[in-house]
Amino acid sequence: MTERREAPDAPAARPLDDLIATRREKLERLRAEGVEPFPHAFAGVEPIAAVRAAHADLAAGEETEARHRVAGRLIARRDAGGAAFLDLADRSGRIQLHARADLLGDERFARLVGLDLGDLVGVDGAAFCTRRGELSLRVEDFAVLAKSLRPPPDKHHGLADVETRYRQRELDLIANEDVRALFVDRARLVSGVRAYLDGEGFVEVETPVLQPLYGGALSRPFRTHHHALDRDLFLRIATELYLKRLLVGGLERVYELGKDFRNEGLSPKHNPEFTMVEWYEAYSDYSDQAARLEELVAAAAERLLERPPRVTVTPPWRRVTLREAIAERTGIDVLEHRDRGALVAAIEGAGLDLAVSERTWPQLVDDLLTKMVEPTLQEPTFVLDYPVELSPFAKAHRSQRGLVERWEAFVGGVEIANAFTELNDPDEQRRRFEAQRAEAGAGDEEAQPYDEAFVRALEHGMPPTGGVGLGIDRLVMVLTGRRSIREVLLFPAMR
RNA sequence: GCCGCUCUAGCUCAACUGGUCAGAGCAGGGGCCUCUUAAGCCCAAGGUUCUGGGUUCGAGUCCCAGGGGCGGCACCA
């Protein structure tokens, strides 16, 4: 188990202590020999992948005079008396080093071979290809760049213990190359999202994370306290309301990519802090934004290094109304059962495994979607046109009474995005807040608080606008085939 | 919050129904080896079996409580 749970007065003489003691002895030996185990820098390093690329066509047994300087972590050693092979890894890859006592001299050879797995080492050497065809560097000079004082995970089996992988992600990254690749891909995906939006004329903005009033989504917030102001603040649950005020201000196309915080349970799909990009585009509606999302995801997915992609996200995606989607799976037309009693009867008549007690009509519709439909939506799909009760910020549907112009996008059975034709009628917005206030009064802790500053902004006039919220963590999940959000977060929330 | 599963050496894993069951590989230590690549060979070492109780002649194994992790439910995106 992790060390933080060990008693501070734990008895000595555990094997781990011996391993650490041995490494510390080596550290002191280096110092005694005049070698600085933690130097300040090592200039002129080339990525290992670049060295590989430069000698991709080298034949087995071929030697070169091409000298390269690389640096990285020592991950394996095969010692053979007067010579040794060492494997060095950097972020771009790994390369074999060949050390020979007759080239380095006995003392330096012994020092190199005496290094521990996990030590950071810099090397100068000439590229050659072994008889078995492995590109290698013949070590001509080397430097200890940082001494490692703890044993690394198993060089072959890696690190498998899930708890250790998440709590000590650095060890996961050291031991598991696919994890390293995943987070590089995540970064490239985020960069692809920004590149797409920047290219379409969107302005990236930053709005408050600490808010006097939270809003823009249905969730319990985290609460904190500002001491100088002696005032409670909330961590944002969405960027929606501030971004729409920027639309009022005339920025026309804005986006924000950052963390939201929701005080809800944890699950393979939920982390209390998560990354969301929201964008708002003046003079567009939810249909335009569906096309935007398709384009954006397809463009961002192109950035992934991992091939082939785990899912096909090439546009166009399937579009289905919420009513059709539920009817397809359950045979129930929710719009034919517009009150709670009728819908309950239909659900019970269909023999569905769904708890109906204490659920309102809109909640039952949402349950049908979430439980019966969502898991089946593997191919990218837009589900359109939701009941107004579930969507306090969406504009009424232009032709369907009781519905709003809203869609959610699903990929791999996971909801990745949510969008509306944004409500810009301040009086209607005020009525929606009143309805939410009634829900809050009735004990719904996730109901929207009334945001007067937002309504007042709308009174100045917000252009007709389409807006989208896209969950970055979930997008990474579905594009890389990871089943848990914890796999795509570097440091997921742990108890 | 509730339910189920799980926790053995630094790492990866063994130990049939309670009975030489505290074991292996890797890593680490000592030795041999100048083209190996999960290098190889020889030697020695390494344990609070998550923690605390209990049952039993005997507990890694069964029971209870606690802790962590994973999954499900509830809640949510």
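How each quantity is defined
Residues numbered from 1 in each chain as written. Chains lettered and ligands numbered in written order. Predicted model: local features only at pLDDT ≥ 70, side-chain atom pairs only at ≥ 80, totals over all residues. Heavy atoms only, no water. Helix = DSSP H or I, 4+ residues; strand = E, 2+ residues; numbered from the N terminus. Buried < 20%, exposed > 50% of the residue type's maximum accessible area, 1.4 Å probe, protein only. Areas by Shrake-Rupley, 256 points an atom, 1.4 Å probe, with all protein chains shown as cover. Lys, Arg positive; Asp, Glu negative; His and termini not counted. Charge placed at Lys NZ, Arg CZ, Asp CG, Glu CD. 1 Å grid on protein atoms, 1.4 Å probe; cavity = no way out; pocket = protein on both sides within 12 Å on 5 of 7 lines; lining within 4 Å. Points joined across faces, edges and corners; volume = space filled by probe spheres on them. Nonpolar A, V, L, I, M, F, W, Y, C, P; charged D, E, K, R; others polar. Pairing = 2+ DSSP bridges. Axes fitted to C-alpha atoms, helices over the stretch in contact; angles between N-to-C directions. Salt bridge = Lys/Arg side-chain N within 4 Å of Asp/Glu carboxyl O. Near = heavy atom within 4 Å. Polar contact = N/O pair within 3.5 Å; in protein donor to acceptor, adjacent residues only side chain to side chain. Contact = heavy atoms within 4.5 Å. Domains from an automatic or database assignment. Arc of directions from axis to C-beta. Parallel < 35°, antiparallel > 145°, perpendicular 65-115°, else oblique. Left-handed = near helix turned anticlockwise from the far one by under 90°.

1. Quick word on the overall build of chain A
Part 1 of the reasoning: Along its length, chain A carries 16 helices and 16 strands.
Part 2 of the reasoning: Dimensions of chain A, computed from the C-alpha atoms along their principal axes, are close to 85 × 55 × 50 Å.
Part 3 of the reasoning: Looking at chain A as a whole, 48% of its 495 residues qualify as buried.
Part 4 of the reasoning: Entry remark: accessible area of chain A is about 24400 Å², with carbon and sulfur atoms responsible for 51%.
Part 5 of the reasoning: A distance of 3 Å separates the average location of the 68 positive side-chain charges in chain A from that of its 85 negative side-chain charges.

2. Structural notes on empty space enclosed by the protein
Part 1 of the reasoning: One pass over the structure, following the stated rule, counts one cavity of 30 Å³ or more.
Part 2 of the reasoning: What the largest cavity holds in volume is close to 30 Å³.
Part 3 of the reasoning: Along the walls of the largest cavity sit Gln-211, Leu-213, Gly-215, Ala-238, Thr-239, Leu-241, Tyr-242 and Asp-451, which together make up its complete lining.
Part 4 of the reasoning: Here the lining of the largest cavity is composed, by residue class, of four nonpolar, three polar and one charged.

3. Overview of the sheet that holds strand β5 (residues 135–146)
Part 1 of the reasoning: An order of β1-β2-β3-β5-β4 is seen for the five strands of this closed barrel, with the pairing classed as mixed. The mean angle between the axes of side-by-side strands here comes to 55°, regardless of whether they run parallel or antiparallel.
Part 2 of the reasoning: Pairing analysis gives eight bridges linking strand β2 (residues 83–90) to strand β3 (residues 93–100), with the strands arranged antiparallel. Across the sheet, the residue bridging to Leu-86 is Leu-97, located in β3.

4. Let's talk about the pattern of salt bridges
Part 1 of the reasoning: For the coordinates displayed, the defined rule picks out 41 salt bridges.
Part 2 of the reasoning: Between Arg-169 and Asp-172 there is a salt bridge whose closest N-O contact spans 2.7 Å. A residue pair is termed a helical-turn pair when its members lie 3 or 4 positions apart in one helix, as Arg-169 and Asp-172 do in helix α6 (residues 169–175) at three residues. You'll find Arg-169 and Asp-172 in the same group, each marked buried.
Part 3 of the reasoning: A salt bridge links Glu-200 to Arg-292; the shortest N-O distance between them is 3.2 Å. With a gap of 92 residues between them, Glu-200 in the loop between α7 (177–199) and β6 (203–204) and Arg-292 in helix α9 (residues 286–301) connect regions that are remote in the sequence.
Part 4 of the reasoning: Within this structure, Lys-26, Asp-116, Asp-119 and Lys-147 form a network of salt bridges that share partners.

5. Brief notes about the protein's contact with RNA strand B
Part 1 of the reasoning: The environment of RNA strand B is formed by 58 residues, the closest being Arg-132, Lys-155, Glu-163, His-270 and Glu-415.
Part 2 of the reasoning: Within the contact set of RNA strand B, a sugar or linking oxygen lies 2.4 Å away from a side-chain nitrogen or oxygen of Arg-474.
Part 3 of the reasoning: At the level of elements, α1 (15–32), β1 (63–80), β2, β3 and α5 (162–167) are the ones that each hand at least two residues to the surface near RNA strand B.
Part 4 of the reasoning: Among the residues forming the surface near RNA strand B, the class breakdown is 20 nonpolar, eleven polar and 27 charged.

6. Section: the sheet that holds strand β11 (residues 273–282)
Part 1 of the reasoning: Sheet architecture is open: eight strands sit in the order β6-β10-β11-β16-β15-β14-β13-β12, paired in mixed fashion. A single partner strand is all that each edge strand has here, and the edge strands are β6 and β12 (318–321).
Part 2 of the reasoning: Where strand β13 (residues 381–387) meets strand β14 (residues 403–411), six bridges bridge the pair, whose relative direction is antiparallel. Counterpart to Phe-382 in the pairing with β14 is Ala-409.
Part 3 of the reasoning: Packed onto the sheet, helix α10 (residues 322–330) meets β12 and β13 and runs at close to 90° relative to β12.
Part 4 of the reasoning: Contacts between helix α12 (residues 361–373) and the sheet are confined to β13 and β14, with β13 contributing the most and set at about 170° to the helix.

7. Some remarks on the domain arrangement of chain A
Part 1 of the reasoning: Assigned domains of chain A: these are domain 1 (16–146) and domain 2 (178–317 + 379–488).
Part 2 of the reasoning: Between the C-alpha centres of domain 1 and domain 2 there is a distance of 48 Å.

8. Examining helix α14 (residues 452–459)
Part 1 of the reasoning: For α14, the complete set of buried residues consists of Phe-454, Val-455, Ala-457 and Leu-458. Down the axis of α14, the buried set is contained in an arc of 155°. They therefore lie on one face.
Part 2 of the reasoning: One side-chain oxygen of the residue at the start of α14 lies 3.3 Å from the amide nitrogen of Ala-453, identifying that residue as Asp-451.
Part 3 of the reasoning: Looking one or two residues beyond α14, the residue adopting positive phi is Gly-461, at roughly 105°.

9. A closer look at the packing of helix α8 (residues 240–248) against α14
Part 1 of the reasoning: Two numbers describe how α8 lies on α14: the axes approach to 9 Å, and their chain directions differ by 20°. Of the possible angle classes, the one that applies to α8 and α14 is roughly parallel. Taken as a pair, α8 and α14 cross one another with a handedness that is left-handed. Between α8 and α14, the contacting residues are Leu-241, Lys-244, Arg-245 and Val-248 on the first element and Ala-453, Phe-454, Ala-457 and Leu-458 on the second.
Part 2 of the reasoning: Its residues assigned to classes, the contact of α8 with α14 shows six nonpolar, no polar and two charged.

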